[in-house]
Each structure stands twice: as C-alpha cells, then as structure tokens.
Amino acid sequence: MKVVYTDVLVIGGGLAGLRLAVGAKRRGHDAIILSLVPPKRSHSKAAQGGMQASLGNVSKGQGDTEDVHFEDTVRGSDWGADQEVVRMFVNTSPKAVRELAAWGVPWSRVRKGDRQAVINGQKVTLTERDEAHGTVAQRDFGGTKKWRTCYVADATGHAMITAVADRAIAESIPVHERKEALALIHDGGRCLGAVVRDLVTGEVLAYVAKATAIATGGAGRLYRNTTNAVICEGIGHAIALETGVAALGNMEAVQFHPTAIFPAGILVTEGCRGDGGLLKDASGHRFMPDYEPEKKELASRDVVSRRMEEHIRKGNGVKSRFGEHLWLDITLLGEKHIHQNLREVWDICHYFLGVDPVKDFIAVRPAQHYTMGGVRTKPTGESPTLKGLFSAGEAACWDMHGFNRLGGNSVAETVVAGMIVGEFVADFCDKPENAVTVPVGLVQDFVEREKAKLDAIANRRGGEDPSVLKLEMQDLMSSQVGIFRTGEDLQKAVDGLQKLLARARNVGVRSAAPGPNPELVTAYRVQRMIKLALTIAYGALTRTESRGAHFRSDYPRRNDAEWLKRTLATWKSDSDTLPTLDYEPLDVTRMELPPGWRGYGAKDYIDHPDTPARAAEIEAIKASGKAPDRFALQQALMPFEHLLPEPLRGRNERIDEPF
Amino acid sequence: MADGTAPRKLIFKILRYNPKVPGDRPRLQSYQLEEADGMTLFIALNEIRDKQDGSLAFDFVCRAGICGSCAMMIDGRPGLACRTLTKSLGAEITLAPLPVFELIADLSVDTGKWMRGMSERLETWVHLKEGEVDLRRIEERMDPDLAEEIFELDRCIECGCCVAGCGTARMREDFVGAVGLNKIARFRLDPRDTRSDEDFYELVGDDNGVFGCMSLLGCHDVCPKQLPLQTQIAFLRRKMVSQGMK
C-alpha cells in the first residue's frame, strides 16, 4: 500500500483550493493539491463577468461600502445566508482584489473623463474622476445597488486562476494532477486524509494529512442542462456525504443562470446585462420591465430565470427545433465595447451559435449554474462534525449565499474563502494535539474497501450501463427538480432516483482495461452522483416554502415562521436509499439585517415571530445616535471582526474613505 | 438537418493506443456516426464513447473553448476539439493526439506536466518588490491601456497547440515554445514584475529560448486565441539580441 503524507491535503485545484494551499504553505505547512485536471483548466476559469468587491472606484460605484455589499448579498440569499460569514466575506473581498492585483491580475482599470455607456436601454455619458484614474474598475451586475463587480474584460476567472496557479508554482506547492479522491479516511470523528485513484494508471493509494480540505466546486453535472464544466460532478460533496458524519447544507438550493446559450448550455456572462444588454421575446419585446419594474434585467438570477420561464410558458418563447428560447440583445452596446469587454461572449457566439452578437440576437434559456449547498462548515471552514475536514468555495456551505448567490460573488468567494480558511487550516496544523501518526490499520481498511468496490465494478459484465444511468438521473433532475418545483414532481424525482440508486449498485463496464478506463470512472462516479441528486430532490420535497432559487409552485411564499433554517443532509449507512435530514435554525435575534422584502421579486412572505422585535431593536440602536460612524454602528448591531484571522482584519481604504 | 437534407454519415478515424495495455500498438480505429445540427467534436466523441466504445480516452473540461484541455490534431492540424463544428470538416475526420507531449492514451496527452515544467523554468509569475503589499490600502494604479496590453498576452490558455505546431519543439526537447516566449513578453510588460532584460536573457537568451525559434510561425497560425505570437517573438528576439550585445 502506497501512502503519501502531508500536513494539508487540498482536494481540488481551482481558485479556492489553490489560494487555500498558498495560505497554509506560507504559514510553514506542506500542502499537496489533488486535481482532476491541470489547475488552470479548472471550472474557476469559466467565471467571466467578474468578482464583487466594494472598492467604489467608478462613478457608479461611489458610496459603495462593505455595508451595501453585505445588504445586497443577504437580500440576494433571501435571508438564507449566515450573516456573520457574509460580513467576513465582504470585508475581505477588497483585500482579495488588491492581493490579486499585486500578483499580476490585469484588472480592467478606470479611465478618467467621459465615456459612453448603456443603462436601461439608453445611451448615457458617464464621467470618471481624475483621482480614480488607473484604479481597478467596476461594472454593474444583478441584484446590486452599486457598480461593484471588478473584472478583466469577460475573462476574469481565466486571469485570476492564471495568476493564482502560477503563484502556487512560485511557492513550490506540488499539484498531483489527474488524481481523484474516492473516499475520505476518518475514524468517525477525525478526518485523516483520503483514498485516491490515479486517473492515468488506475493505481489506488492513500494520502494521510493533518487537515483535509474539499475545494472541488459545484455539482452542475447532476443536471442535463448546465453551464458547468464536465468535471463538475459533485464528487467532493459526495465523498463528504459518504462519511456519514459530515453534513451537506442546503443542497436543494440550486441556481439557474438566465443566459446560457441555447441549446448548448454554455454561459454568456451576466456582464452582458450589467453592461446594458436586454432580454427580448419572440416578438422582439423587452419583457423584464413588465415583471420587475425595479431592477428589470438586473434583478437577482433566481428572479430573472423564473420570469423568463414564466414568459415562455405564456407562449412568448422563440420556437426552434430544439425547443423554445428567448433572446439576449447586446447589439446596442456597439462593436467596440463587445470586442473589448465581451470578447469571450463574441467567441462563444461565433463558434457555437454561428452568429455575430454585434449584429445578431443571442439565443438563451436558463440552465443550471451554481450549487449554493455544500459541505457544511463553521466560519473557520471546518466541518462542525468531522474534525480536520475543511471546505472552501462552491463545494462548501460556509454559508454566504443562502438560497441564491449574487453574480460576481462566486469567484469572489473562491479567493476570499481560500484566504480565510487557509489561515484557519494553518492554525489547526500549528496545534501539537492535531499531529497525526499514520493509523496504518484504518488506512488499510479504507484502501481495501475502495479497491474492492472498483474491482466489483470492473469485473461485472452485463451490469447496468453507467452512461445510461447518468443520463436518466440528469433527465430526472432537469425535468422534475428545476426552476419551478411541485410536491408531485419532486416525489416522482425521489422515487425515480431511488430506483436508479438500486440499479447503480449493479453497475458494470464493458472493459476492465488498465489505465485511464473512462467507463469505469463514469461507473463509480454515477453511484455517488445519484446519492447527491437524492439529497437535492429530497431536500426540495421536504422544504414546503419558496426561498431564493428554491421555488415551489405549490408553496409560493417564503415562510420564515417555519423554514428560516438550513437543511443538513447526512447519509448514515451505505444501505440507506435516502439521506437523513436535520435542520439548523437561523437566529433572527442576532441578525444585522432581519428578514424583509428583497427589493425585487415576490413581496409576499410569512414573517418569523422574532422579526418585528429584532427590527425594532435595530431601529432603536440606529436612532440612539450613539454610534459615531458606520463602523461603530455595525459593531453594535452584529460584531464579526473577531471571527476573521488576525492578518485579514482591518478596514479597507477607498478614494472616498482615505486612511 | 435544419435545411431538410439527410444527415451525413461521418467516419471518424481515431488514433488509438493505450500504453498501459501490454502489447497494445498504435492504430487507427474507425467509428461511424450520424451528423446532427450544431454537432461539435465534443458532442461526437462523447456519443462514440457512450454508445460505441467506453474505453476511448480524450480530455474535455469546459467544452466552451476557454480551458485549453481538448487540443488535438484535427485532420492533421492542432485545434480545440470542443469548438470545432463537424460541419466545418469533411465526412471523414481524422483525430490524433498532440505530438511533443507525453501520451496518456488515445487522444489524451499530459500538457499539464509540460506546462508546469515550463512555468518553473521561466518563473512565470510576478516577481514582487521587497516587502508585503498592504492589502488594506488602495491598489497601485496602472494605466488602463497598459492593463489591456497585458491582458492581451495574458489570454493564453496553455492548450499546447503552438507547441504541437512548432518545428523547433520537435527537434529540441527543452524548447520553451511560443507559449513560454509569450509569457516572458507578458511579464516584461508588467511594471509589477521587478525583473530586468538581463534576468529575462538568463531565461530565454539561448537556443531553447527565443534564439531557437526558426520563424516558421506555425504557432501563430494555429493559436486558438489569436495571440500576436509573431510580433511578440520578433520583438522579444530584438530585445534579447540587444541585451546579449551589452
């Protein structure tokens, strides 16, 4: 048995994993990153539009602060987020942009003077301040009060991961590429590493570590129509679930992005609408103002996606042989803007749709885009139930997104959580009591168990076809667990997935050839993916309310009285066919922003009994006038700074808030 | 098809070889597939694997032309398979793995290892000034045009097409390729990087660097991101010549 020992094992080589590893390494701990693919090919790369940080450099961003970013994020989450974690995030995001600027990310910069822009379908002239010239620029995104999204044209994730992956090389952090974690090694209370399969040789080995971090991104490939890369199959979520100890939070919270190109499902950035693009129907009518007079195309993603599907259901979709879609019109932005700031969008339209977005409309329809749920963690990033297991980024339920994530907050979360959790992982490894002596017997048991599972699949001829199982699962998820959900559909999905799970236990392959064996990979992954799909479908069936991206047509109201709580799913035994669900209540009496109307979408919701009292308490604190400035007021409402690692504390300087 | 004509029958001739299978030999294997509207090589190869041959190895990640995983030889020319529409090709399509890179199996090659080696050699990161950056303070300003110029070169996706299309890379194992030279050009531009031309000369001032280039410029022709490799290599060579003369 081959065993690799390291201080920190990071599973996932995207932005979150890379940044976390850099943090741990800089504190003197050896880190190894496992990655399915070379890190620069991770799905982080696909983030186009940008990352939110309240720098307030551009004129339309003036007056922006952490406070405004905090409120936008909490409203976006439909009050599902952990508000303390949101505070940690919004305070660190400007620092993350500035760190990346120093590491070489070529952020688009502010140019002083007049420039033309398109706002609400109208051409306007914006004037940028002289003193902002050369600082990092911001663009508009959905669900935000200020222009806050920092960007590198429309290849922000690309530029970020290029810089961060190269930084990891500079810090001599080894990345073990084409390696997949099959199971976490644990003793029921302490995580000790992972069983790993080499995707080139097929070899199975063990990695033992003081701290193990899951940073494997999302699970979009549980769905048929998704913007996610083909590697986003949720295996990191699944191996945490399979411990039976770690919990997954809010898996039913799945985001659908309004503008995936139709039918290929490839994303075109929200920046298209942020920069002034419009949504139009079959008759060329701009329909969003009819539904959302306040934010129009720039309401949050859950709201825009629902309105688009609603508009199609009313018969206004554009008919095509692949089904119905709507149009995204960016022609009004002009050729220069598109070639400079929406270059990837132009490429995607050119290569995959054969259209020129300078002249033509883009066929779009919502598709699965983001997994708000994930490995439930404390604010430190550590699992509250499995010591030594950490998680960061999309794979985690940290939980700053609640039931709907704002555009520009995901790629921001990757680096921010990487910075914060990296420090806490280092703290954990610093403590002598967390040292690990390799528990040979336990490691051997886990390795043998995984090998036996693989052998059983590889030697089974005439078993269930893995690609058929996967397709049936994806179809069930897309048709029954999508944007509009009902108890009846969800029950069908749960029943169907349980049947698939039973069949998956009998999955086989056509060839047991050594080496990469892609069919074997699909086979062992699909067993795990179906379990994960069940946590989503069953969580959605049980949650009889609508919140953020989880919309129940049969329970259309947000119900804070009964459902202001986080779903926690565990998979207690391998013979189970459903996850065990528990709930973790959110405490209104400690919220800085008690639940209310989001400022867009439905105005109708059922209040939590504690909300009026907490709202009154906050009003009284504000009215008392005791707080000399916004920082003191925030501190009085909900202190958070003690939760941040010491090196990341402190205010953020702005042009309008100089030190 | 959309225009009412019968779909074409496509023949895929794919170079098969799995070095992990004892006795396996490289060979061309044929697969037949009916063409569909909007079919890309991503769609076609997955259909072949799902329905005809579960052992066929290839690499896709983003399937949107941005991650660089799926570069392969398409009818003899390096390109990104995910964004290649079958309708742009003849009815008989030949696919082979990229040369130069270590073969994993079939169409899958190890570009990651090659690129990491190149990055380590050329130190493809910003060499910061002494002292930590204070993350609480306003970022250092940069001219907006310069930021765009750096981004223009920063768009490289490390797909390996330029290396596969390079005459020198076939002859010199340690040649850094257009991908490496472009990175040096990118860091030369970046005022945040403290390295001088003297430092860059140490990295690429030899036959494995900018003087190994024979100006065949296959790299420039096949780059899927249309990076200005021709001008960048020529410019860098001039700069390195004058550095070498010092």
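Residues numbered from 1 in each chain as written. Chains lettered and ligands numbered in written order. Predicted model: local features only at pLDDT ≥ 70, side-chain atom pairs only at ≥ 80, totals over all residues. Heavy atoms only, no water.

Along a regular strand, successive side chains alternate from one face of the sheet to the other. Residues and elements named next belong to chain A. In terms of burial, strand β1 (residues 3-11) is largely enclosed, as seven of its nine residues are buried. In the sheet, β1 pairs with strand β11 (residues 204-214) via eight bridges, with the strands oriented parallel. Across the sheet, the residue bridging to Ile-11 is Ile-214, located in β11. Bridge analysis of β1 against strand β2 (residues 31-35) gives four bridges, and the strand direction is parallel. In the strand pairing of β2, Leu-9 is matched with Ile-32. Considered for its hand, the β-α-β crossover made up of β1, helix α1 (residues 15-26) and β2 is right-handed. (Buried < 20%, exposed > 50% of the residue type's maximum accessible area, 1.4 Å probe, protein only. Helix = DSSP H or I, 4+ residues; strand = E, 2+ residues; numbered from the N terminus. Pairing = 2+ DSSP bridges. Right-handed = clockwise from strand over helix to strand, strands pointing away.)

On to the domain arrangement of chain B, then. Residues and elements named next belong to chain B. Partitioning chain B into structural domains gives domain 1 (9-108) and domain 2 (123-242). Each of domain 1 and domain 2 has a C-alpha centre, and these two points are 30 Å apart. Between domain 1 and domain 2, the contact holds 15 residues from the first and 13 residues from the second. Carbon and sulfur atoms make up 67% of the surface buried where domain 1 meets domain 2, a total of about 1,100 Å² over both sides. Between domain 1 and domain 2 we count zero salt bridges in total. At the junction of domain 1 with domain 2, the criterion picks out three residue pairs in polar contact (both at pLDDT 80 or more). Sorting the residues of the side of domain 1 that touches domain 2 by element identifies β3 (71-74) and β4 (77-80) as the ones contributing at least two each. The element contributing the most residues to the side of domain 1 that touches domain 2 is β4, with four residues. (Domains from an automatic or database assignment. Contact = heavy atoms within 4.5 Å. Buried area = accessible area lost by both parts, 1.4 Å probe. Salt bridge = Lys/Arg side-chain N within 4 Å of Asp/Glu carboxyl O. Polar contact = N/O pair within 3.5 Å; in protein donor to acceptor, adjacent residues only side chain to side chain.)

Here we take up the side chain of Lys-225 of chain B. Its location among the elements puts Lys-225 of chain B in the loop between α8 (218-222) and α9 (229-245). Judged by its relative accessible area of 3%, Lys-225 of chain B is buried. Once residues within four sequence positions are removed from consideration, Lys-225 of chain B is found in contact with Glu-344 and Asp-347 of chain A together with Gly-65, Ile-66, Arg-83, Arg-155 and Ile-157 of chain B.

Turning our attention to a nonpolar patch on the surface. Residue and element names in this part refer to chain A. A cluster of nonpolar side chains, namely Met-1, Val-3, Tyr-5, Val-438 and Val-440, defines an oily patch on the protein surface of about 410 Å² accessible area. Tracing the backbone shows Tyr-5 in strand β1. The class of Tyr-5 is partly exposed, set by a relative accessible area of 37%. (Patch = residues over 30% accessible without salt bridge, like charges linked within 9 Å, V, L, I, M, F, W, Y side chains within 5 Å. Areas by Shrake-Rupley, 256 points an atom, 1.4 Å probe, with all protein chains shown as cover.)

The next thing to look at is the sheet that holds strand β6 (residues 138-139) of chain A. Hydrogen bonds between backbone atoms are what pair the strands of a sheet, whose relative direction is either parallel or antiparallel. Residues and elements named next belong to chain A. Pairing within the open sheet is antiparallel, and its three strands lie in the order β3-β7-β6. The open sheet is flanked by β3 (51-52) and β6, the only strands paired with a single partner. The sheet contact formed by β6 and strand β7 (residues 149-150) spans two bridges and is antiparallel. Bridged to Arg-139 within β7 is Thr-149.

Residues and elements named next belong to chain A. The buried fraction of β11 amounts to 11 of the 11 residues, a majority that puts the element mostly inside the structure. Strand direction decides the pairing type here: strand β10 (residues 191-198) and β11, joined by five bridges, are antiparallel. By the bridge assignment, Val-196 is partnered in β11 with Leu-205. Here β10 folds back onto β11 in antiparallel fashion, the turn holding five residues, of which Gly-202 has a positive phi close to 85 degrees. Of the pairings in the sheet, the one linking β11 to strand β19 (residues 389-391) comprises three bridges and is parallel in character. Note that in β19 the partner of Ile-214 across the bridge is Ser-391.

This paragraph deals with the confidence of the model for chain B. Put simply, chain B has an average pLDDT of 95, and 98% of its residues get 70 or more. Scored as a complex, the prediction yields pTM 0.97 and ipTM 0.97. (pLDDT = per-residue confidence, 0-100.)

Further remarks concern helix α4 (residues 156-170) of chain A. Residues and elements named next belong to chain A. Taking 1.5 Å of rise per residue, 15 residues should cover 21 Å, and α4 covers 21 Å from first to last C-alpha, within 8% of that figure. By the criterion of burial, α4 is predominantly enclosed, with 14 of the 15 residues buried. Looking one or two places after α4, you find Ser-172, whose phi comes out positive at around 55 degrees. (Expected span 1.5 Å × (residues − 1).)

Let's shift gears to the side chain of Glu-653 of chain A. Take Glu-653 of chain A: it is sitting in the segment after α18 (630-637). In contact with Glu-653 of chain A, not counting residues within four places along its chain, are Arg-98, Pro-658 and Phe-659 of chain A together with Arg-136, Arg-137 and Ile-138 of chain B.

The next point concerns the interface of chain B and chain A. Facing the 73 residues of chain B at the interface are 81 residues of chain A. Sorting the residues of chain B by area buried against chain A places Arg-63, Leu-135 and Glu-139 of chain B first, and these three jointly supply 12% of that buried surface. Our count for the chain B to chain A interface comes out at 10 salt bridges. Lys-40 of chain A is the salt-bridge partner of Glu-158 of chain B, the closest N and O atoms lying 2.6 Å from each other. For the pair chain B and chain A, the interface holds 37 residue pairs in polar contact (both at pLDDT 80 or more). Elements with a minimum of two residues in the side of chain B that touches chain A: α1 (41-51), β6 (102-105), β7 (108-110), α2 (111-122), α3 (144-154) and α6 (177-189) of chain B.

Here we take up the packing of helix α2 (residues 66-76) of chain A against helix α3 (residues 83-102) of chain A. Residue and element names in this part refer to chain A. Where α2 contacts α3, the two axes come as close as 9 Å, and the packing angle between them is 135 degrees. On the basis of the axis angle, α2 is oblique to α3. Of the two possible hands of crossing, α2 and α3 adopt the one that is right-handed. Here Glu-66, Asp-67, His-69, Phe-70, Thr-73 and Val-74 of α2 come into contact with α3, specifically with Gln-83, Val-86, Arg-87, Phe-89, Val-90 and Asn-91. For the contact of α2 with α3, the class distribution of residues is five nonpolar, four polar and three charged. (Axes fitted to C-alpha atoms, helices over the stretch in contact; angles between N-to-C directions. Parallel < 35°, antiparallel > 145°, perpendicular 65-115°, else oblique. Left-handed = near helix turned anticlockwise from the far one by under 90°. Nonpolar A, V, L, I, M, F, W, Y, C, P; charged D, E, K, R; others polar.)

The subject of this paragraph is the sheet that holds strand β23 (residues 580-585) of chain A. Residue and element names in this part refer to chain A. Pairing is mixed across the open sheet formed by five strands, whose spatial order is β20-β18-β12-β22-β23. Looking at which strands have only one partner, the edges of the open sheet turn out to be β20 (396-397) and β23. Bridge count for strand β18 (residues 374-376) against β20 is two bridges, and the pairing is parallel. In the sheet register, Arg-376 faces β20, and the bridge partner there is Cys-397. Each of β12 (248-249), β22 (565-570) and β23 touches helix α15 (residues 518-542); the most contacted strand, β23, lies at about 60 degrees to it.

This next bit is on the packing of aromatic side chains. Residue and element names in this part refer to chain A. A full pass over the atoms with the stated rule returns nine aromatic pairs over all chains. Ring plane angle 80 degrees and centroid distance 5.5 Å describe the contact between Phe-390 and Phe-428, whose orientation is recorded as edge-to-face. Placement of the pair is Phe-390 in strand β19 and Phe-428 in helix α11 (residues 410-430), with a sequence separation of 38 residues. Per residue, the accessibility class of Phe-390 equals that of Phe-428, and both read buried. (Phe/Tyr/Trp six-rings, centres within 6.5 Å; stacked < 30°, edge-to-face > 60°.)

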